[in-house]
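So the chains spell out like this:
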Amino acid sequence: MHPPAGDKTYRALPAVRHLPYALYRADELRALDRAALDESDLTGADLMERAGQAAYRLIRSRWSSARSLTVLCGGGNNAGDGYVVARAAVGHGDQVRVLTLVDPARLRGDALAMAQVYRAAGGAIEPFAGLPQRTDLIVDALLGIGLARDLEGPWLAAVQAVNAHRAPVLALDVPSGLDADTGAMRGDAVRASATISFIGLKVGFFTGEGPERCGRIHFAGLEIPATTLARVLPSARRIDWRRVADRLGPRPRTAHKGTFGHVLIIGGAPGFSGAVRLAGEAALRAGAGLVSIATHPDHARCLNLTRPELMVHAVDTAADLAPLLERATVVAIGPGLGQGAWGRDLWLAVVSLPRPLIVDADALNLLAEAPAARADWVLTPHPGEAARLLGESTVQVQRDRPGAVSRLQRRYLGVVVLKGAGTLIDAGPPRPPAICSDGNPGLASGGTGDALTGIIAALVAQGLDPDEAASVGVCVHARAADVAARDGERGMLAGDLIARLRAVLDGQDRR
Ligand SMILES: NC(=O)C1=CN([C@@H]2O[C@H](COP(=O)(O)OP(=O)(O)OC[C@H]3O[C@@H](n4cnc5c(N)ncnc54)[C@H](O)[C@@H]3O)[C@@H](O)[C@H]2O)[C@H](O)CC1
Ligand SMILES: [K+]
């Protein structure tokens, strides 16, 4: 069933699972473009023609009832793609209006050629002076990977007009205004119903504002040979759920509770027992054999009333931790830890402990006060904690999330998980950062981060190395949230996603 024209709400869940896993930055895509032209008799005009035709085929298949198209063109090769789309539409008998923000006389190279061919086919080009009231589809050919600065003046006005219009929007290559490298918006960005990306998917589609602005992502490789693609290493990669799921394989029949490790979770200062309780339950649901919680005496007695499988220990000082650390396969510290004397004492006891360490929440704030670096830990900051760890503002972190996660990893080593829309995982060179393309805004509620801490700790306890445990854990956490969100994103609780972990881990939900 195709969405009726004008149905702006047509924003089906991004079906990204069939897309390539390699993610590129703009400079890498330009390198691929050059390599494709150097290694074949292809020309830039051939690639542009293929891009525009692929986009028009998508229009015909997804908006088959759309008969009047408005193509918004800028001044670069993204506009060139738009002129190819416009010409294909004219050839198909559609009503087409090309509204340009740049005088066509100032176009250059392939874009100029495509504008001339469009005109020769009977197409008209008008200066942009606002959008028509009635149009079935808007095609965004303003800016692609050449975005170089914040949108201003008519460019900002055009993007705002598109976002205010009822018609669905197809963005060519990149929603105009979205930074292809970081997923940040440059002043504003087109909120597309769908984006068709050429040659390679962009890093910025899957993090920051990207998931919100791209809508449903489609891909057109323009028949670039695999040998050419192999010449440019992608900057990042989407986590391939199938590889992740295989990593967890079936359990040996001879298994016993010692087989799956012993997680020790440290946290829960007075008044903050919920966080460490959620982390503990998540660790159990993610398959840890044993889970112990070291927490403040104020609430130790009641912490496992609703989950007796948790072993809860009251710890007053770091000295009380010693026997628990002995028995632990992996230690997670931070949920509800607080930054007072009690929490600080426990943190100092484990920061250099010879055990794999998962560091979250307040423990990250204590780490920011006295930086240290280890190869075997996993840090799981949200943007605010990341800012404190970097001595930057949260705005700076969010403006370039891929850059921020790499700076964190180079400074603190280990594996860094930068949470937020499009969680990033960086385990340091030579592996490119990984991005999880699952998840939804239902995760923006208290306790979901604590659950992730417990999941990652449980996966390390079951034998995954920190990098794998972080990638698998982030993916499992996000997919459990997607399953839970079927009952509604609003009002989704951390406990709802914890309750879905078994089904996701056990492969009952592989879509
Ligand atoms: N392999 C490929 O890369 C292919 C790319 N194709 C399309 O080409 C664009 C990239 O084209 P490019 O000319 O490099 O850049 P843009 O068209 O995105 O625009 C750059 C153009 O716009 C000006 N500009 C930049 N930022 C702003 C701003 N904030 N406000 C106003 N103007 C701005 C800049 O000065 C340039 O003049 C790619 O995305 C694809 O769509 C082909 O499709 C095929 C292969
Ligand atoms: K665009």
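Going by what an unreviewed UniProt entry lists, the protein is known as Bifunctional NAD(P)H-hydrate repair enzyme and is assigned to Thioalkalicoccus limnaeus. Under the heading Subunit (unreviewed entry), UniProt records this for the protein: "Homotetramer."

A separate point is the site of ligand 1. The local shell around ligand 1 holds 20 residues, among which N78, D81, G144, D173 and I199 are the closest. One of the backbone N or O atoms of G146 is found 2.9 Å from an oxygen atom in ligand 1. Considered on its own, ligand 1 offers 860 Å² of accessible surface; in the complex 82% of this is hidden by protein. Those elements giving two or more residues to the shell around ligand 1 turn out to be α2 (44-62) and α3 (77-91). Per-class residue counts for the shell around ligand 1 are 10 nonpolar, five polar and five charged.

Counted residue by residue, helix α13 (residues 361-369) has seven buried out of nine residues, so it is predominantly covered. A361, D362, A363, L364, N365, L366 and L367 are the residues of α13 that are buried. Packing partners of the buried residues in α13 comprise β14 (330-333), α12 (341-350), β15 (357-359), β16 (377-379), α14 (383-390) and α16 (401-412).

For strand β2 (residues 68-73) and strand β3 (residues 95-100), the ladder comprises six bridges, and the chain directions are parallel. Each residue of the ladder has a partner; that of L69, found in β3, is V96. Taken together, β2, α3 and β3 constitute a β-α-β crossover, and its handedness is right-handed. Each parallel crossover has a hand, and the one from β3 via helix α4 (residues 109-120) to strand β4 (residues 125-127) is right-handed.

Using the criterion set out here, one finds two aromatic pairs in the structure. With a centroid separation of 6.0 Å and 45° between ring planes, the pair formed by Y83 and Y118 is classed as tilted. Here Y83 is found in helix α3, whereas its partner Y118 is found in helix α4, with 35 residues between them in sequence. Y118 shares its class with Y83; the two are buried. The ring of F206 has R238 lying over it, and the distance from NZ or CZ to the ring centre is 5.4 Å. Sitting above the plane of the F260 ring, R251 keeps its charged end 3.5 Å from the centroid.

Let's shift gears to the side chain of H296. One can find H296 in the loop between β12 (290-295) and α10 (297-300). Taking relative accessible area as the criterion, H296 reaches 13% and is therefore assigned buried. Ignoring any residue separated from it by four or fewer positions in sequence, one finds H296 in contact with G267, G268, A269, P270, V315 and W342.

Cut-offs and rules
Residues numbered from 1 in each chain as written. Chains lettered and ligands numbered in written order. Predicted model: local features only at pLDDT ≥ 70, side-chain atom pairs only at ≥ 80, totals over all residues. Heavy atoms only, no water. UniProt positions renumbered as here; feature names shortened; annotations may be inferred. Near = heavy atom within 4 Å. Polar contact = N/O pair within 3.5 Å; in protein donor to acceptor, adjacent residues only side chain to side chain. Areas by Shrake-Rupley, 256 points an atom, 1.4 Å probe, with all protein chains shown as cover. Helix = DSSP H or I, 4+ residues; strand = E, 2+ residues; numbered from the N terminus. Nonpolar A, V, L, I, M, F, W, Y, C, P; charged D, E, K, R; others polar. Buried < 20%, exposed > 50% of the residue type's maximum accessible area, 1.4 Å probe, protein only. Contact = heavy atoms within 4.5 Å. Pairing = 2+ DSSP bridges. Right-handed = clockwise from strand over helix to strand, strands pointing away. Phe/Tyr/Trp six-rings, centres within 6.5 Å; stacked < 30°, edge-to-face > 60°. Lys NZ or Arg CZ within 6 Å of the ring centre and 35° of its normal.

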